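Coordinates in review
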Amino acid sequence: MAAKTGSIPSMGGSHAELKDDTIIIVLGASGDLAKKKHIVIAELTELPIPACDVVIAPPSQTFPALFGLFKMGYLPKDVHIIGYARTKMDEVEYHKRLTSNLKNPDNDPEVSAKIEEFKKLSTYIAGSYEDTGAFKELNKHLEEVENKYTAKSRNRLFYLALPPSVFIPVAKHLRVNCYASGVNRIIIEKPFGKDSASSRELLGSLKEHWTEDETFRIDHYLGKEMVKNMLVLRFANVAFSSGWDKNSISNVQITFKEPFGTEGRGGYFDEFGIIRDVLQNHLLQVLSILTMERPVSFSAEDIRDEKVKVLRAIPPIEHGDTLLGQYVAANGKPGYLDDETVPYNSVCPTFAATTLWINNPRWEGVPFILKAGKALNEAKVEIRIQYKDVTQGIFKDISRNELVIRIQPTESIYLKLNTKTPGLSTRAVPIEMDLTYKRRFSDSKIPEAYESLILDALKGDHSNFVRDDELDVAWKIFTPILHWIEGKNGPAPKPLQYPYGSRGPKELDPFIHKYGYRRSDNLYKANEASDALADLEANTATVLPAVAPVTDEIPDGGRQAWLVVFGSSLAMFSSFGIVNSYGVFQDYYTTTLLTQSSSSTISIIGAFQLFLLYGLGPIVGRIFDTFGLRLYANLHGVDSNLSQYLLAIINAFGIPARVIPGILADRFGVLEVLLPCTLLSALTVFVLWLPFPSTGPIVAFSALYGLFSGAFVTLLPAYVGVRSPVDKFGARLAVAALVGTPTAGAFVPTFTQQKFVHLIIFTGVLEVAGGVALVLAHLTSLTEIRRAEVNRNEPLKIGA
Ligand SMILES: NC(=O)C1=CN([C@@H]2O[C@H](COP(=O)(O)OP(=O)(O)OC[C@H]3O[C@@H](n4cnc5c(N)ncnc54)[C@H](OP(=O)(O)O)[C@@H]3O)[C@@H](O)[C@H]2O)C=CC1
Ligand SMILES: O=C1O[C@H](COP(=O)(O)O)[C@@H](O)[C@H](O)[C@H]1O
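Not measured: the values here are computed from a predicted model. (Residues numbered from 1 in each chain as written. Chains lettered and ligands numbered in written order. Predicted model: local features only at pLDDT ≥ 70, side-chain atom pairs only at ≥ 80, totals over all residues. Heavy atoms only, no water.)

1. Let's talk about the overall build of the chain
In terms of regular secondary structure, the chain is built from 27 helices and 16 strands. The buried share of the chain, reckoned over its 800 residues, is 51%. A sequence separation of at least 24 residues applies to 77% of the contacts in the chain between residues at least 6 apart. (Helix = DSSP H or I, 4+ residues; strand = E, 2+ residues; numbered from the N terminus. Buried < 20%, exposed > 50% of the residue type's maximum accessible area, 1.4 Å probe, protein only. Contact = heavy atoms within 4.5 Å.)

Structural data, given as C-alpha cells:
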C-alpha cells in the first residue's frame, strides 16, 4: 500500500509500545477528583505538606485523560487502572469520586456505558508512601490483576500525582517492591526542584532507581496541539523555515495570560511565583521548539538534542531584562496580598516579563520576550513573531508582518500581511491569513494535553517529555534571576502593582517597546464585517480583511471631516455664492449691460464661473490625491437662471434642503434620497412650472423646487464621489457644470413665454433622464453597494 501523504516516518517511537497486559498505577489518587486542577495536593493526599510542595499532575487531570483515551480506544487491551493513596475508602466511594470528574454533559448513553466500563477496570488500594509493607501489598494487588493476563510479560506504568517531597521514597519503593518483569515506566510532573541545585538533587535521587529511558517528565505544554504542531509548521514549510532567523525577525513574544488569581492556593504559589510556575518550564519549552535547529530526524533524542543545544546558547537572564508585577484588588476582585494564605508582605511576582537572548548565528540580537501573569484581562497563550520593517523608500507607515500561533484558547495560526486594496486605488492594508482550527479542522477533536502525553508514555515516545540535561540547562538560565527575586544576594526587588483584570503593569508596553515591538493598534480591529466574511469563508484557510481606517476615503464625521466642512463653507461663501446668484447678474447683463448679446452667450459668463469652480478639478484632484486635501470632495455644483425673487425663495427653501437630505442619506443611503428628490424636482417642473405660468404656481414651484433640488445639490457630489475614483471626481462634476447652463441658455435666445416652455421641458426631461441614469447606475453597482453596506468601513469598490 502506498505511504499516506504527509507521513513522518522518523517520528515513530523507538521503544516498546504498551499494547496489552498493562497496568496503570496512579499514586496520589485519593483527592477530590471533581476539584479544579489547581488544587493543593495536600487536599488530595492528606499529607503534611512541606513549604515547597505544590500541585503536581492532579488526578483531576489524570483520570479524565485516562478515560478520554479509554473512550477513544487508545488504552492497552485489558488495561487495568489502580489508584493508590493514603486515604482509606471503599470501592464505591472511590468510584463516586472518580466518575464525578468524568464529563458527560449531554448524558450520552454511549458515554455513560463507557464510564461504567471504566469503573470496572479501576480499583483502589490505600497505603502509605513511606512504608515497605504497603508497597508490597500494592504489588500483591498488581499481581492478582496480572494473573488474569495471558501473556508472560507484565507491564506497569506508574503515574506520580504526588508532591515532590515524596517523589524519592515512592520512586524507591516502586522500584524495589513493585517492579514488573516486563516494561516499567514512571511519569512525574513539575516542579522538578526550585533552582539548579535542588533540581540536580532531585534528579540524582530519582536516577538511583529509575533510568532516563524509564522516566517521563511531563511538561503538559508539550502535549498541547499547537506546540506539537510547531515542528511540522517549521520544518515542513520552506515558506517559514527560510525566514526564520535574525535577518527577518525583529522580536518574539511568548505570552501566557490567565484571568484568575491564585484564589485559595496563594500559600503554594507564594513559594514559587510565576517564573517557576510558568516561565521556566512551559514557556521555555515553547521557546526551545520555536528556535531549535532542524533535528536530524524526528526521533525523541534527535529533537531533544537540538532543544538542549539552543537552550545552552541562552545566557542567564539579566535583572535589567526583567519586569515583575503583583496584582492588586480591582473590579471587585481581591488582590494577591488579600489572600489569607499569602504572607502579608509578600513580594512574590504574579506577573513577569523577561527577555531572553540566544547567542547563536541564527538568533543573535533577537529578543525573545516571555511574559506570564495571573489575574489578567483574558485567558490566552500565544507566540507572536514580529518580522522586521520592510526596506523603506517605496512604502511609508506600513505595518509589520506578524505570525501569531495561538496555543489556547481557539487554536489558530494567523499571519498578518500587507496587501493592496482591491480596486483602482493603490494602497496597502493589513490583512490576516487565518488558519483557525475550529473552522479548518471542524471534524477533528483536539486532544487534551494529558491524553496526548499519557499515550506517548504508553508508546515509549520521549519526544514530548523533558530530558534531564534539558532541565538542567533550563534551571541555569533562570536560577540567578530567581535568587535575585528571593533576595538571596541583596534586597529583593519589589514587584510593580497591576490591577486585577488588567493587561499587567503599565510599564509593560514601554518594556516591550524597548525590545523593538511595534504594535499596529490603529490598524487591527476586529469588526462585524471581518467576522461576517470569516463565517462565509468557514472551512477554508481564508484571507480576511483586517479593518483599517481607509485613508483615501472622504472622511465621514470626526474633527477632520468637520474642518473640511468649515473650510469648504468659507471657500463657498465667496465663490459658490456668487455663482448661485448668477440669475440676478444675468438679468442685469441682458437688460442693461449686454443688450446686444443673446441669453445663451451671456450665460457663458456664469457657466464659465461655474466651470472655474470645478474645472481645475483634474489638477486640484491630483494635488488632493498627493497632499490629502479634502476640500475638493465637498464642492457642490448648481446652475440657476431665475429672477431675483424666485431665486431668493429657492435659496431659502434650499437651506433645510441642504441639511435634511444629508441626514436622511446617512440613514437610508445617498441614492435612496437623491433619486426621489431628483424625480420630485422633475415632477414640480411638469406639474407646476410648465402648465401654470402665473405668479402663485411659480412661487410654489420655486419653493418646492428649492426643496428638492437642494437635495440634488447636496447629494449629487456625494454620489458622484462614491461612484467615481477620487482622481476623476472633480473632472466629472466640472464637465456637467460646463455644458448645463449654456445649453439651457440656448433655449431662451429671447425672453418670451414660448421660448421658456422649451427650457422648462428640457429641464424636466433632463431631470427625469438623470433619475433614470441614477437607477441604471444603481443597478450596475448593486453588488458593490450591498457589500459596502455589510462593511461600512470598507471603501466602495469604485467604478471606472
Ligand atoms: N483566531 C484568532 O484569534 C484570530 C484573530 N484574528 C483577528 O486578528 C486581529 C489582530 O489580531 P491580534 O494582533 O492578535 O490582536 P491585537 O491587535 O489585539 O494585538 C494583540 C497584541 O497587541 C498587544 N496589545 C493589546 N492591547 C494593547 C494595548 N492597549 N497596548 C499595547 N499593546 C496591546 C497584545 O499584548 P498582550 O497580549 O500583552 O495584551 C498582543 O501582543 C484581531 O482583530 C483578531 O480578532 C484573526 C485571525 C484569527
Ligand atoms: O502548570 C501550570 O499550568 C497551569 C496552566 O495550564 P493550562 O493548561 O490551563 O494552560 C497554571 O494555571 C498553573 O498555575 C501552573 O502550575
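Still more ground to cover, so stick around.
2. A closer look at the packing of aromatic side chains
As enumerated under the stated definition, the model contains 24 aromatic pairs in all. A centroid spacing of 5.2 Å and a plane angle of 70 degrees characterise the contact between F67 and F118, whose relative ring orientation is edge-to-face. Within this pair, whereas F67 is found in helix α2 (residues 59–71), its partner F118 is found in helix α4 (residues 109–120), the two being separated by 51 residues in sequence. Each member of the pair, F67 as well as F118, carries the same accessibility label: buried. With 5.9 Å between their ring centres and 65 degrees between their planes, F158 and W210 make a pair best called edge-to-face. (Phe/Tyr/Trp six-rings, centres within 6.5 Å; stacked < 30°, edge-to-face > 60°.)

3. A few points about unusual backbone geometry
Here the amide bond leading from K190 into P191 is cis, since omega sits at 10 degrees, within 30 degrees of zero. A cis amide bond links Q408 with the next residue in sequence, P409, at an omega value of -15 degrees. Along the chain, P409 turns up in the loop between β12 (402–408) and β13 (412–420). At A375, a position not held by glycine, the phi torsion is positive, near 55 degrees.

4. Some points on the site of ligand 1
If you check the shell around ligand 1, you find 18 residues, and the closest are K380, R384, Y414, K416 and R519. Residue K257 places a side-chain N or O atom 2.8 Å away from an oxygen atom belonging to ligand 1. The contact in question runs from an oxygen atom of ligand 1 to an N or O atom on the side chain of K416, over 2.4 Å. Contact with the protein chains hides 76% of the accessible area of ligand 1, taken as 900 Å² for the molecule alone. Going through the elements one at a time, β11 (380–387), β13 and β14 (428–436) are the ones with two or more residues in the shell around ligand 1. (Near = heavy atom within 4 Å. Polar contact = N/O pair within 3.5 Å; in protein donor to acceptor, adjacent residues only side chain to side chain. Areas by Shrake-Rupley, 256 points an atom, 1.4 Å probe, with all protein chains shown as cover.)

5. Looking at the side chain of S297
Here S297 is to be found in the loop between α10 (266–291) and α11 (300–312). Take S297: its relative accessible area is 18%, and that puts it in the buried class. A polar atom in the side chain of S297 sits 2.6 Å from the side chain of D302.

6. Let's talk about the environment of A657
With respect to the secondary-structure elements, A657 resides in helix α22 (residues 644–668). Residues A657 and S709 lie 52 residues apart in sequence; the distance between their C-alpha atoms is 7.8 Å.

7. Some points on the sheet that holds strand β6 (residues 215–218)
On the basis of which strands lie adjacent, the open sheet formed by six strands has the order β3-β2-β1-β4-β5-β6 and parallel pairing. Whereas interior strands pair on both sides, the edge strands pair on one side only; in this sheet they are β3 (122–126) and β6. Direction aside, the axes of adjacent strands within the sheet are offset by 20 degrees on average. Here strand β4 (residues 155–160) runs beside strand β5 (residues 184–189); their pairing, made up of four bridges, is parallel. Bridging across to β5, Y159 finds its partner in I187. Contacting β1 (22–27), β2 (80–85), β3 and β4, helix α5 (residues 132–146) crosses the sheet at an angle of about 165 degrees to β2. (Pairing = 2+ DSSP bridges. Axes fitted to C-alpha atoms, helices over the stretch in contact; angles between N-to-C directions.)

8. Describing the pairing of strand β9 (residues 351–356)
β9 sits mainly inside the fold: six of its six residues count as buried. Residue alternation in β9 divides its side chains into two sets, F351, A353 and T355 and A352, T354 and L356, and both sets are buried. Relative to β9, strand β8 (residues 322–328) runs antiparallel, the two being bridged by four bridges. Across the sheet, L323 pairs through a bridge with A353, a residue of β9. Where β9 lies against strand β10 (residues 368–373), six bridges are found, and the strand directions are antiparallel. Within β10, the residue paired with F351 across the bridge is G373.

9. With respect to helix α14 (residues 468–485)
The α-helix advances 3.6 residues per turn, and as a result positions three or four apart in sequence lie on the same side. Taking 1.5 Å per residue, 18 residues should reach 26 Å; α14 reaches 25 Å between its end C-alpha atoms and fits that length. Along α14, the helix axis deviates most sharply at F478, where the bend reaches about 40 degrees; the proline P480 sits within four residues downstream. Of all 18 residues making up α14, 14 are buried, and the element is well covered by its neighbours. Looking one or two residues beyond α14, the residue adopting positive phi is G487, at roughly 70 degrees. (Expected span 1.5 Å × (residues − 1). Bend = angle between axes of the 7 residues up to and from the residue.)

10. Observations regarding the pattern of salt bridges
Here the structure, examined in full by the defined rule, presents 35 salt bridges. With a shortest N-O distance of 3.5 Å, D277 and K190 are connected by a salt bridge. On the criterion of sequence distance, the pair formed by D277 in helix α10 and K190 in the loop between β5 and α7 (196–207) is long-range, its members being 87 residues apart. Residue class for D277 comes out buried when judged on its relative accessible area of 7%. Between K488 and E486 there is a salt bridge, with the nearest N and O atoms lying 3.5 Å from each other. Look at E486 and you get partly exposed, because its relative accessible area is 32%. (Salt bridge = Lys/Arg side-chain N within 4 Å of Asp/Glu carboxyl O.)

11. As for the pairing of β1
Within β1, six of the six residues are buried, leaving the element largely enclosed by the surrounding structure. Here β1 shows no split at all, with T22, I24 and V26 on one side and I23, I25 and L27 on the other all buried. Summarising the sheet, β1 and β4 pair through six bridges and their orientation is parallel. Paired with L27 across the strands is L160, a residue of β4. Pairing analysis gives five bridges linking β1 to β2, with the strands arranged parallel. Within β2, the position partnered with L27 by the bridge is Y84.

12. Overview of the UniProt feature "transmembrane region" (unreviewed entry) in the chain
Annotation from UniProt places "transmembrane region" (unreviewed entry) at residues 561–582, 602–624, 644–661, 673–692, 698–722, 729–750 and 756–777. Helix and strand shares over residues 673–692 are 85% and 0% respectively, and the end C-alpha atoms of the span are 27 Å apart. (UniProt positions renumbered as here; feature names shortened; annotations may be inferred.)

13. A look at the nonpolar core
Ranked by size, the top nonpolar core spans 146 residues in total, and within it L27, L138, L160, L174, I383 and F478 carry the most contacts. Looking at which element gives the most residues to this core, the answer is α10, with 13 residues. Looking at this core, you find at least three residues from each of domain 1 (22–34 + 48–189) and domain 2 (222–534). The residues contacting L27, other than those within four sequence positions of it, are Y84, Y129, L138, F158, Y159, L160, A161, L162, V170 and L174. Counting residues in hydrophobic clusters, the runner-up holds ten residues, among them L674, L675, C677 and Y719. (Core = buried A, V, L, I, M, F, W, Y, C linked by side-chain atoms within 4.5 Å. Domains from an automatic or database assignment.)

14. Remarks on the packing of helix α8 (residues 225–235) against α10
Between α8 and α10, the least distance of the axes is 9 Å, while the angle of their chain directions is 10 degrees. Considering their axes alone, α8 and α10 lie roughly parallel with respect to each other. Taken as a pair, α8 and α10 cross one another with a handedness that is right-handed. Here V227, M230, L231 and R234 of α8 come into contact with α10, specifically with V286, I289, L290 and T291. (Parallel < 35°, antiparallel > 145°, perpendicular 65-115°, else oblique. Left-handed = near helix turned anticlockwise from the far one by under 90°.)

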